[in-house]
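Residue-level listing of the chains:
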Amino acid sequence: NACLTPDGEYLWFMSNNPPAGGRHIAVVGLNPEQPSIKVFANAPGEGALTRDGHACWACVGNEIWLFPIVGEPSKVAELDPTWVNRRAFSGLLGISVSCDYQKLLVSGKIGTHYFLAIGDPATGKVEILHEHPCHHNHTQFSPNDPNLFMMAQDWFCDPVSGQHMDFDHRTWLMTVDQ
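Residues numbered from 1 in each chain as written. Predicted model: local features only at pLDDT ≥ 70, side-chain atom pairs only at ≥ 80, totals over all residues. Heavy atoms only, no water.

**What about the environment of Ala-2?**
We count it as follows: Strands are runs of DSSP state E lasting at least two residues, helices are runs of H or I lasting at least four, and both sets are numbered from the N terminus onward.
Considering the arrangement of structural elements, one finds Ala-2 in the segment before β1 (10-16). Along the sequence, Ala-2 and Tyr-114 sit 112 residues apart, while their C-alpha atoms lie 26 Å from each other.

**Brief notes about the pattern of salt bridges**
Using the following cut-off: Within this document, salt bridges are pairs made up of a side-chain nitrogen of Lys or Arg and a carboxyl oxygen of Asp or Glu, the two lying within 4 Å of each other. The rule is simple: take the accessible area with a 1.4 Å probe, protein chains only, and divide by the maximum for that residue type; under 20% is buried, over 50% is exposed, in between is partly exposed.
Scanning the model with the defined rule gives 3 salt bridges in all. The salt bridge involving Glu-63 is made with Lys-75; its shortest N-O contact spans 3.6 Å. Residue Glu-63 is located in strand β6 (residues 63-68), and its partner Lys-75 is located in strand β7 (residues 74-79); the two are separated by 12 residues in the primary sequence. Assessed through its relative accessible area of 42%, Lys-75 is described here as partly exposed. Residue Glu-78 is joined to Lys-75 by a salt bridge in which the shortest nitrogen-to-oxygen separation is 3.3 Å. Members of the salt-bridge network, linked through shared partners, are Glu-63, Lys-75 and Glu-78.

**Regarding unusual backbone geometry**
One non-glycine residue, Arg-86, adopts positive backbone phi at about 65 degrees. The exposure class assigned to Arg-86 is exposed, which follows from its relative accessible area of 80%. Here Tyr-101, not a glycine, exhibits a phi torsion of approximately 60 degrees, which is positive. Positionally, Tyr-101 belongs in the loop between β8 (93-97) and β9 (104-110).

**Brief notes about the nonpolar core**
Short version of the rule: Each nonpolar core is a collection of buried residues, namely Ala, Val, Leu, Ile, Met, Phe, Trp, Tyr and Cys, held together in the definition by side-chain atoms within 4.5 Å.
With 17 residues, the main nonpolar core has Trp-57, Ile-64, Leu-92, Ile-95, Val-106 and Val-126 as its most contacted residues. Contributions of two or more residues to this core are made by β5 (55-60), β7, β8, β9 and β10 (113-120). Val-27, Phe-40, Ala-43 and Ala-58 belong to the second-largest nonpolar core, a separate cluster that totals 11 residues.

Dropping the structure here:
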């Protein structure tokens, strides 16, 4: 995902706050005449920039929010809470935007398995795309094809048995139609 706005005015980054920890999205204004830094303390983890780069989508719990440089954050999409259904839930993690800026790809862990989902800011919905029994994460849309993405498969420890599970394929290519 891009981190510099197309106009070169802002640089988005992840801020860490030791020793207490906690990662948050932040943006720095690069104009030497009017330098600025804005930390979005309620935007944990990673973000994906809008087309003009003056706002950033980020996952918060089971929701996707838009954090603009100017103005107030707003919720743009939500994973149906009835799908979560009181199960152990990591929240939506990571985020990647399609090259046509129409889809947001997210992942997460629920219960003992992992999932990929597509957020649609136009409809406000987050739809489950695929569920996996193994650890899949680190999703990234193609810079040229709005339906193609890659994801990583990582090793993990089975939460029930504690058994270490290796991956069989490190990187997977998928389309949003699969």
